[in-house]
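Here is what each chain is made of, one letter per residue.
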Amino acid sequence: MNVAHREPLIELVDVHKVYGGSDSTPIEVLKGISLTIRAGEFVAIMGQSGSGKSTLMNILGLLDRPTGGEYRLDGRDVAHLGHDELAQLRREVFGFVFQQYNLIPTITAAENVAVPAAYAGVGLRDRLRKANALLERLGLADRTGHRPNQLSGGQQQRVSIARALINGGRVVLADEPTGALDSQSGEQVIALLRELAAEGHTVILITHDPGVASVAHRIIAIKDGAVVSDTQTGTQPRYETEACAAGAPLTRAPEPTSVLLSDMREAVRSGGRALLAASFRTALTLTGIIVGVASIIALLAIGEGAKEAVLAQIAVFGANRLYVSPGGESSRGPGGRLLESDVELLRDLPNVAMAMPYLYGNVTVRAGNVDHSTTAVAVTTDFPVILHWPMQSGVFFTKDDELAMATVAVIGSKLAGRMFPDGTDPIRQWILVDNVPFQVIGVLTSKGALSGDADDDDTVTMPFSTGSLRVLGKRELSWISVLIDDLARAKETEAAITAKLEAAHNTRDFRIYNLAATVETANETQNTFKFLLGCTAAISLFVGGIGVMNVMLMTVTERTREIGIRIATGARTRDIVRQFLTEAVMVAGAGGIVGGLAGVATGFVAAYAFGMPVIFSATVIIASVACAVATGLVFGLLPALRAARLEPVAALARE
């Protein structure tokens, strides 16, 4: 349909472009260019090298900004548009056909064509379908899966034309499109541009060749940055597609938030391809993150295991126990003594679960013809609970045994081996303790296996009544063992015991040993140890993060041209930032996962090969991987921002 367009689509008024500034001599490339281009025109801008025609094309395509003058696109002054608004215009209005093709080398022909559609929020399936259709139309149906280095120059240029049309291509800007082609391929490209013009696309052809320019319906000649002629070569067709019709909106409404997921998927796909393309360097970058995460997990697991091992040894003696022994705080003070009546006083105090008299002395034990000097312990039935000392075999004596002053005994595992070296079961056997016969009714679990102190296993334990009266011959206690309910109230309970006994004795002739405080100190020491281990490992992760940033900065430098291509095809600032942040996070995240597995494997090796106590924490593992991802975000942000701030013209010019 032949449609007249009332207002110019493109209007330049006294446009200047000056390069250089305060640090160098300014060079004026464009000197007051004024022209108008209406929708549907096929215009050739012709001039020799250095005339300013490529600079003019960059300004027309919003890849560069004029130093002075006005540029109105469909009546809008582009000088007041932000980066993302310019990106939308490049994405939806302009399509670029470059002399050097400017295809991304790591992706296929169809994926190159689909890049502008990806930034427009079109789904993967839809944009690839459209890209394949365009390539088929341009005679490349059998080349859609080929990468640029697998295509001839003419084929690459047709791919770039298809890319220019993927979002409609209302204005097609072709900069020396035949300059790098043989004559036959050049003729095919020119024929394609004529077809596009006939279909209603506004085609602006930049060339130095009069023969190429002659296919246009209007030739604007520039020289030394100024228009020297503007010639109409024939009747200008005004065929316009529905998208290019007069009065149609230049751009679509702002994109909905729902495209964010599509954008993220595209960033992940692009990032994956880029990282695989430099797989060796990616692997080296991963190493720093892997070492950092593995160190955190393994060292903290070993630290936690060491902490629990220490606390477990303390727990053998009762972490929640207090010991009251006779004797004042000073060696010059009263000697003091503890009696059974003192035990009764303590049992009624708050937070006291149990209180047990403890009396010991040296004795001689005989079994058959074997004599052995050892220690006898007189206690109550609370002994296994308060001292956290279970039975290996047999049973412990009962309250009835205490009341009856029964001559029954429970012996340590070491003593059992000495008294019955032939392997006889000690249970129900009789022994003499200082010539008093006792029947063995139980054997205690080896304390050496629990605490490392095997001497505790060389004892004979008996009811308090029996031991104090018939064997040891005294009622004054060696100490009182107190089991408390709440470890957090240990100091409060210690103060209550002190007050109670001081009141009963009218003096302080005793001492209190608070194992809970010892546990707390040991816990704090081990936590400090873990903290230092964690800091050491975190330094490794920090160094790995610096490696990520360094590699990403190198990547930005190496892929500057690709960044320029993406900006020229409509990538917004956030698209570029998202692209490089995604790559950094993918590297760091992959390193975190591999490092997590390596850390767990290292812990298992330490546990099974070297016998080290190791305790893994799911929280630490998850947090370590999360820290790796956060490292990618933090150290990838600077390279991402640097990439997003590149000027498209400078980026495209980078070799």
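Here is a short report on the structure shown in this document. (Residues numbered from 1 in each chain as written. Predicted model: local features only at pLDDT ≥ 70, side-chain atom pairs only at ≥ 80, totals over all residues. Heavy atoms only, no water.)

Further remarks concern the overall build of the chain. Scanning the chain from N- to C-terminus turns up 21 helices and 20 strands. Across the chain, contacts joining residues at least 24 apart in sequence account for 77% of those joining residues at least 6 apart. Total accessible area on the chain stands at roughly 29,400 Å², and carbon and sulfur atoms take up 56% of it. (Helix = DSSP H or I, 4+ residues; strand = E, 2+ residues; numbered from the N terminus. Contact = heavy atoms within 4.5 Å. Areas by Shrake-Rupley, 256 points an atom, 1.4 Å probe, with all protein chains shown as cover.)

In total, this model carries 21 salt bridges according to the counting rule given. Among the salt bridges present, the one from E176 reaches K53, with a minimum N-O distance of 3.9 Å. Taken as a pair, E176 in the loop between β7 (171-175) and α6 (183-198) and K53 in helix α1 (residues 53-60) lie far apart in primary sequence, 123 residues in all. As far as burial versus exposure is concerned, E176 and K53 are alike and both buried. Residues R574 and D84 are paired through a salt bridge, measuring 3.7 Å at the closest nitrogen-oxygen approach. Of the two residues, R574 sits in helix α19 (residues 573-610) while D84 sits in helix α2 (residues 83-92), which places them 490 residues apart along the sequence. (Salt bridge = Lys/Arg side-chain N within 4 Å of Asp/Glu carboxyl O. Buried < 20%, exposed > 50% of the residue type's maximum accessible area, 1.4 Å probe, protein only.)

Next up on the list: the sheet that holds strand β6 (residues 94-97). The six strands are arranged β6-β7-β8-β3-β9-β10 in an open sheet whose pairing can be described as mixed. Of all the strands in the sheet, just β6 and β10 (226-232) have a single pairing partner and so form its edges. Strand-to-strand twist across the sheet, computed as the mean angle between neighbouring axes with direction ignored, equals 15°. Of the strand pairs in this sheet, β6 and β7 are connected by four bridges, and their pairing is parallel. (Pairing = 2+ DSSP bridges. Axes fitted to C-alpha atoms, helices over the stretch in contact; angles between N-to-C directions.)

Let's shift gears to the packing of aromatic side chains. Taken as a whole and judged by the stated rule, the model has 12 aromatic pairs. Put simply, the rings of Y323, Y358, Y360 and W479 pair up and form one aromatic cluster. (Phe/Tyr/Trp six-rings, centres within 6.5 Å; stacked < 30°, edge-to-face > 60°.)

This next bit is on the side chain of N112. Among the secondary structure elements, N112 is positioned in helix α3 (residues 109-119). Residue N112 is classed as buried on the basis of its relative accessible area of 1%. Excluding residues that lie within four positions of it along the chain, N112 makes contacts with L103, I104, I107, P148, V159 and R163.

It is worth spelling out the sheet that holds strand β1 (residues 10-19) at this point. Reading across from one edge, β2-β1-β4-β5 is the order of the four strands in this open sheet, with antiparallel pairing throughout. If you trace the sheet from one side to the other, it starts and ends with β2 (27-37) and β5 (76-77), each paired once. Along the sheet, α1 makes contact with β1, β2 and β4 (68-73), crossing β1 at roughly 120°.

Once that is clear, we can look at the side chain of Q157. With respect to the secondary-structure elements, Q157 resides in helix α5 (residues 153-165). The buried category is assigned to Q157, whose relative accessible area is 0%. Among the polar contacts listed, one links the side chain of Q157 to the backbone oxygen of F98, at a separation of 3.0 Å. Setting aside its immediate chain neighbours within four residues, Q157 contacts V97, F98, Q99, Y101, P177, L181 and V189. (Polar contact = N/O pair within 3.5 Å; in protein donor to acceptor, adjacent residues only side chain to side chain.)

By the alternation rule, side chains of strand β15 (residues 408-411) split into V408 and V410 and A409 and I411, which are all buried. Bridging between β15 and strand β17 (residues 436-444) involves four bridges; their strand directions are parallel. Bridged to V408 within β17 is Q439. Where β15 and strand β18 (residues 459-463) come together, two bridges link them in antiparallel fashion. For I411, the partnering residue across the bridge sits in β18 and is V460.

Now for the packing of helix α4 (residues 124-137) against α5. Two elements in contact, α4 and α5, have axes whose closest approach is 9 Å; the angle formed by their N-to-C orientations is 130°. The orientation of α4 relative to α5 falls into the category oblique. Crossing of α4 over α5 shows right-handed handedness. Contacts between α4 and α5 involve L134, L135 and R137 on the former and, on the latter, V159, A162 and L165. Here the residues of the contact of α4 with α5 sort into five nonpolar, no polar and one charged. (Parallel < 35°, antiparallel > 145°, perpendicular 65-115°, else oblique. Left-handed = near helix turned anticlockwise from the far one by under 90°. Nonpolar A, V, L, I, M, F, W, Y, C, P; charged D, E, K, R; others polar.)

What follows deals with unusual backbone geometry. Although it is not a glycine, L62 adopts a positive phi angle of roughly 65°. Examined against the element boundaries, L62 turns out to sit in the loop between α1 and β4. At H388, a residue that is not glycine, the phi angle is positive and equals roughly 50°. The exposure class assigned to H388 is partly exposed, which follows from its relative accessible area of 47%.

Let's shift gears to the nonpolar core. Core analysis: the biggest nonpolar cluster contains 64 residues, and I10, I45, L60, Y71, F94 and I204 have the highest contact counts within it. Excluding its chain neighbours within four sequence positions, the residues that come into contact with L60 are I10, L12, I45, Y71, F94, L173 and I204. Ranked by size, the runner-up nonpolar core spans 41 residues in total, among them V324, A378, V440 and L472. (Core = buried A, V, L, I, M, F, W, Y, C linked by side-chain atoms within 4.5 Å.)

Moving on, we come to the environment of G75. Mapping G75 onto the fold places it in the loop between β4 and β5. A residue is classified by how much of its surface remains accessible, and G75, at 58% relative accessible area, is exposed. Taking C-alpha positions, G75 is 7.7 Å from P8, a pair spaced 67 residues apart along the chain.

For the rest of this paragraph, the subject is helix α15 (residues 464-471). In terms of residue burial, α15 counts as a mostly covered element, since six of its eight residues are buried. Burial in α15 covers these residues: F464, S465, T466, G467, S468 and V471. Count one or two residues on from α15 and you reach G473, which has phi positive near 65°.

Here we come to the environment of F531. If you trace the backbone, F531 turns up in helix α17 (residues 515-558). With a relative accessible area of 55%, F531 lands in the exposed category. F531 sits 228 residues away from G303 along the chain, and the two C-alpha atoms are 8.9 Å apart.

Let's shift gears to helix α16 (residues 490-505). For α16, spanning 16 residues, the distance from its first C-alpha to its last is 22 Å, which sits close to the expected 22 Å at 1.5 Å a residue. Regarding α16, the residues found buried are A490, T493, I497, T498, L501 and H505. The arc enclosing the buried residues of α16, seen along the axis, measures out at 140°, which places them on a common side. Residues of α16 that are exposed and point more than 90 degrees away from the buried face comprise K491 and A503. Where α16 ends, the next residue or the one after it, N506, has phi of about 60°, a positive value. (Expected span 1.5 Å × (residues − 1). Arc of directions from axis to C-beta.)

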